[in-house]
Amino acid sequence: MLLIQCPYCDDALPELEFAYAGEAHIDRPQDPSALSDEEWRDFLFIRSNVKGVHAERWRHINGCGRFFNALRDTVSDRFVTSYKAGEPRPDTSGKEPAQ
Amino acid sequence: MTDFRVEGRGRVNRAKPVSFTFDGETYRGFEGDTVASALLANGVHLMGRSFKYHRPRGVVTAGSDEPNALVGTTRGKGRFEPNTRATIQEIYPGLTTESQNKWPSLKFDLGAINDRLYMLFSAGFYYKTFMWPRSFWDSVYEPLIRKAAGLGKAPTEVDPDHYASRYLHCDVLVIGSGPSGIAAALTAGRAGSKVVLVDETAEMGGTLLSEPSVSIDGRPAWDWLAGAMAELDAMPNVRRMTRTTATGYYHQNMIGMVQKLTDHMGDVPEGAPRERMWRVRAKEVVLAQGAIERPMVFDGNDCPGVMLAGAAQTFLNRFGVLVGKQPVVLTSHDSAWYSAFDMADAGAKVVAIVDTRESVPQALQNDARARGIPIHLGHTATATKGRLRVAALRINPVHNGKVGAEKMLSCDAVLVCGGWTPSLHLFSHTKGSLDWDAEAKAYLPGHKTEDVHIAGAGRGLWGIAAALEDGTKAGADAVRSLGGSAGAATFEVADDRTGSGITQKELPTDRSPGKAKAFVDFQNDVTAKDIRLAVREGMKSIEHVKRYTTNGMATDQGKLSNMNGLTIAADALGKEAPQVGLTTFRPPYTPTTFGAFAGYHKGAHFEVTRKTPIDDWAEENGAEYEPVALWRRAWYFPQAGEDMHKAVARECKATRESVGIFDASTLGKIEVSGPDATEFMNRMYTNPWTKLGVGRARYGLLLGEDGFIRDDGVIGRMRDDLFHVTTTTGGAARVLNMMEDYLQTEWPDLRVWLTSTTEEWATIALNGPNARKLLQPFVEGADISADAMPHMSVVECTVAGFPSRLFRISFTGELGFEINVPARHGRVLWEKLWDAGQQYDICPYGTETMHVLRAEKGFIIVGQDTDGTVTPEDAGIGWAIGKKKIDFVGKRSLDRPDIVAKGRKQLVGLLTDDPKTVLTEGAQIVADPNQPKPMKMIGHVTSSYWSEVLGRSIAMALVEGGFDRMDDRLHIPTETGGTVTAKVTGTQFYDPAGERLKVE
């Protein structure tokens, strides 16, 4: 079972307390009606599906209830870091986990 | 019966004799014996029949890697367990055991005919034998396979035991209590780390228990061991756990361990759990699991009496049992020579040591000669004699690859050693790499993914001194990784038994290899020939060979067979072992009970059952229940002699004619409050909320961003900044999560607070023309007359003196009220209304009647009439969309090309031509019943009921282009081969004008 660092509780807690919530940094457009069908399709459905470090959303659903973002390596299933919602993706070059 | 117990040897408690039974016969052993050691002490080697060929089999190992000696154990009613390893199960007075896979008896088994039908069962037989004819699949092959498949008998009764579960946190978890594990635990413990040391057997010591002649720090091994245990037990920071198997190694040093608590006890304390699952989070892990001895692969190597040399040494030194009085030792590793010496010193007449190697250390040969043991170097073994017990071993010299003349060695046991495989199953669970070491001819731990240290024989090291040294180093490394300081201890070891050996494929023979039954995997009955056949038939990767032959796929996960199988496959492919690869080990390390995994989660504790405050009343009044999400809800209230159909018809009629009472407490409720509550509601729901006045209610529709219906419910405006939102029973948590998501991450600027209030309120629905008459006398603080309180409104008042949010709404088409009171008052209010309602013949109804009444009105149930691909337009509730709203969740998607395209499935009504026919929910719909199969299905029935008030059946269905098919006739093929014809209609079957809401 993974340990996940909740940036709000500032504690590493068991995976059971958390729920995955999809890829991070996909903002809902300010004016969806201004988007073309293709742009809206991309917003709805197109995800990066990376092999490697993936920015993703988690919710500490059985804890503080907050949504936050995390970087996780999809190959090793290791968390690199986690950070609060709204913060930019941290630069982790050079300190990503070995695979 | 001959006694094979040796005086002065072993650690069993001779003062405590223990009687138990095996196949109905009583045997005696001592406290500390396993079933295997006790049976061997009585001269019993034959302990089971093999899986496929039903060949007689004896015990091969002395530990958890045992493939053959699997027995059924009975510990009282309901406590039968198949496939217990006789080498692990400790005996206690009254233990009942039985052999498996035999009929009619262990010594005479008719299933052994399979042994003569070898051709039918060779590699890949599943794929070849059972192909044709097609008609045989169900009638012949499957019953045959089902009958033949499986080891042992599955228990038939519910397990009466209970199983416990705990978490444990420590600095250093040491798995395996041989010399390396003990040294690691001592070193880390002395440094002050919180240490847990576990071992799967009943006693710690590992190899030391089998090697009493070694001395450590000037003391005999067992004295040193006792001292080490005492020192560990004296440290408050060290915990020792025996009978505890580390079954799986998971992410971030989470180790699952199963501790057997009572399986070794004759008198089990009342209420004691049978096993306990430990979930251990260790900062550092030391794997000190040693190595597993490999059998030799030759014709007849599965004959009872053929066993691993190391096992024989363990049975002798740990249990005081001589496994044979005239053993032959057959080996390619030095270690078995020591087994021979111990056997000889204990009184056995060792017939010979046969070594496949031409060169063996002179010291060993001298020691053998000193004991009068004949030596045959450079020899192969080509057959065994004896069926239920080995009687002779056939050996031949090998010179320059040529097999010479045979020689028969009469014996009562053959002790084999084909080298040692580092036990790295747990390390493999971590996806740590196993790298081929050409020198050791073994896979050794390579790249690590976890904070883990591997010590001793697990790293290919050999001997007690090396194990101790490596163990203390691993312990010190672990402490240093934690930021502590620890020095490695030093140990003075004398009379150590070091050695080396070689690994080989099946032994060469002068006979036809095609006729040899040289077993690689004893448990799955896989021979060397099977593996070569698999390679000939095109299996190139070890993963393919494994699946084609089932080598290593038995419950022992190939602990004995994987390396031999790999060596033979590599030889057949003409490659080196590392090029052929290695199969992956997966948890659990050894077979584990379902009970241990389930823990407390069984029976009523398997899943939470949510109950409303009125649930007790329903139970007292004979309700039948149905599960809805985690809730149990009253389904209907049958009276004497009524089935569901009759009860529901009566409940529907009573509600439409007078008044029905319904427990709606399970409805999800979310309080949306704050200065920006209206804006938030506007963005979340399709409907407009700005102009909804305080005290009014509105049907709210929630979409996903993809435009499909997610949830619905009536929403009341309590104040300018407070909405009382209701959701579907099953959708409450999902809707709250979605709201929180948007509020926290998309619109964090909105000043809104969301509170789940589902369980704060008991909700009682009154429906029917007499609903107001019944309710009115209880209401204070509000006028609920038709004029003052129109349909779709809400008021705060008291009902029967309880503070209430009273809604006038209807999910039945009748005059309706939903009374929300604090949950603790729910049952009292229900009973007051119940008593007062007697004058109106009030009728309690359940969810089935609720479903019928709403379907008569064409109200949808999200998740029943919608399936995650249905838009508001598809469902015929486009009116719920605020047309002037610029944006809401899902709005943009309603213009997507596929959403506005023709031919979408739309929700329509269906009226069967025969009004008595009630369609099956989920039934598929076709336009032309005469088209060839497979027919084009254009939709399915979503809701279907008998409508008592209409005197006929009604149904709703999602049908392609349904709105354009009004009055068309569609066809619904039935399970019985017939076809029902129905007319397409709207979905409002009853009172489409809504006249019935207008009760004064």
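Residues numbered from 1 in each chain as written. Chains lettered and ligands numbered in written order. Predicted model: local features only at pLDDT ≥ 70, side-chain atom pairs only at ≥ 80, totals over all residues. Heavy atoms only, no water.

Chain B has the name Sarcosine oxidase subunit alpha in an unreviewed UniProt entry, where Primorskyibacter flagellatus is given as its organism. Entered under Sequence similarities (unreviewed entry) in the UniProt record, the comment concerning chain B runs "Belongs to the GcvT family." (UniProt positions renumbered as here; feature names shortened; annotations may be inferred.)

For chain A, the name recorded in an unreviewed UniProt entry is Sarcosine oxidase subunit delta, with Primorskyibacter flagellatus as its organism.

K.L.:
Could you clarify how one ought to interpret the overall build of chain A in this entry?
P.N.:
If you tally the helices and strands in chain A, you get 1 helix and 6 strands. Ordered by position from the N terminus, the helices and strands of chain A form the series β-β-β-α-β-β-β. Considering only intrachain contacts with a sequence separation of at least 6, the fraction spanning at least 24 residues in chain A is 44%. A total of about 5500 Å² of accessible surface is found on chain A, and carbon and sulfur atoms cover 46% of it. For chain A, the centre of its 12 positive side-chain charges and the centre of its 17 negative side-chain charges are spaced 3 Å apart. (Helix = DSSP H or I, 4+ residues; strand = E, 2+ residues; numbered from the N terminus. Contact = heavy atoms within 4.5 Å. Areas by Shrake-Rupley, 256 points an atom, 1.4 Å probe, with all protein chains shown as cover. Lys, Arg positive; Asp, Glu negative; His and termini not counted. Charge placed at Lys NZ, Arg CZ, Asp CG, Glu CD.)

K.L.:
Can you help me understand the pattern of salt bridges in this one?
P.N.:
Once their charged atoms are close, side chains differing in charge can pair, the charge on each being opposite to the other. Counting across every chain of the model gives 62 salt bridges over all chains. A salt bridge links B:Asp741 to A:Arg57; the shortest N-O distance between them is 2.5 Å. Of this pair, B:Asp741 sits in helix 20 (residues 732–746) while A:Arg57 sits in strand 4 (residues 53–59), each in a different chain. Classification of B:Asp741 as buried rests on a relative accessible area of 15%. (Salt bridge = Lys/Arg side-chain N within 4 Å of Asp/Glu carboxyl O. Buried < 20%, exposed > 50% of the residue type's maximum accessible area, 1.4 Å probe, protein only.)

K.L.:
I would appreciate a short explanation of the environment of B:Ser105 in the present structure.
P.N.:
All names here are of chain B. Turning to its location among the elements, Ser 105 is positioned in the loop between strand 7 (96–98) and helix 2 (113–116). Ser 105 sits in the partly exposed class, given a relative accessible area of 30%. For the pair Ser 105 and Asp 23, spaced 82 residues apart in the sequence, the C-alpha separation amounts to 9.0 Å.

K.L.:
What's the story with the side chain of B:Glu848 in this structure? I'm lost.
P.N.:
Residues and elements named next belong to chain B. As for its position among the elements, Glu 848 is in helix 23 (residues 847–857). The buried charged residue Glu 848 lacks any salt bridge partner; its closest oppositely charged side chain belongs to Arg 854, at an N-O distance of 8.4 Å. Within the structure, the side chain of Glu 848 is placed 3.1 Å from the side chain of Trp 635, a separation counted as a polar contact. Discounting chain neighbours no more than four positions away, the residues touching Glu 848 are Trp 635, Met 644, Val 648 and Tyr 945. (Polar contact = N/O pair within 3.5 Å; in protein donor to acceptor, adjacent residues only side chain to side chain.)

K.L.:
When you look at the environment of B:Val360 in this model, what are you seeing that I'm missing?
P.N.:
All names here are of chain B. With respect to the helices, strands and loops of the structure, Val 360 is situated in the loop between strand 19 (352–355) and helix 9 (362–370). Since its relative accessible area comes to 7%, Val 360 is described here as buried. In this structure, the C-alpha to C-alpha distance between Val 360 and Arg 387, residues 27 residues apart in sequence, is 32 Å.

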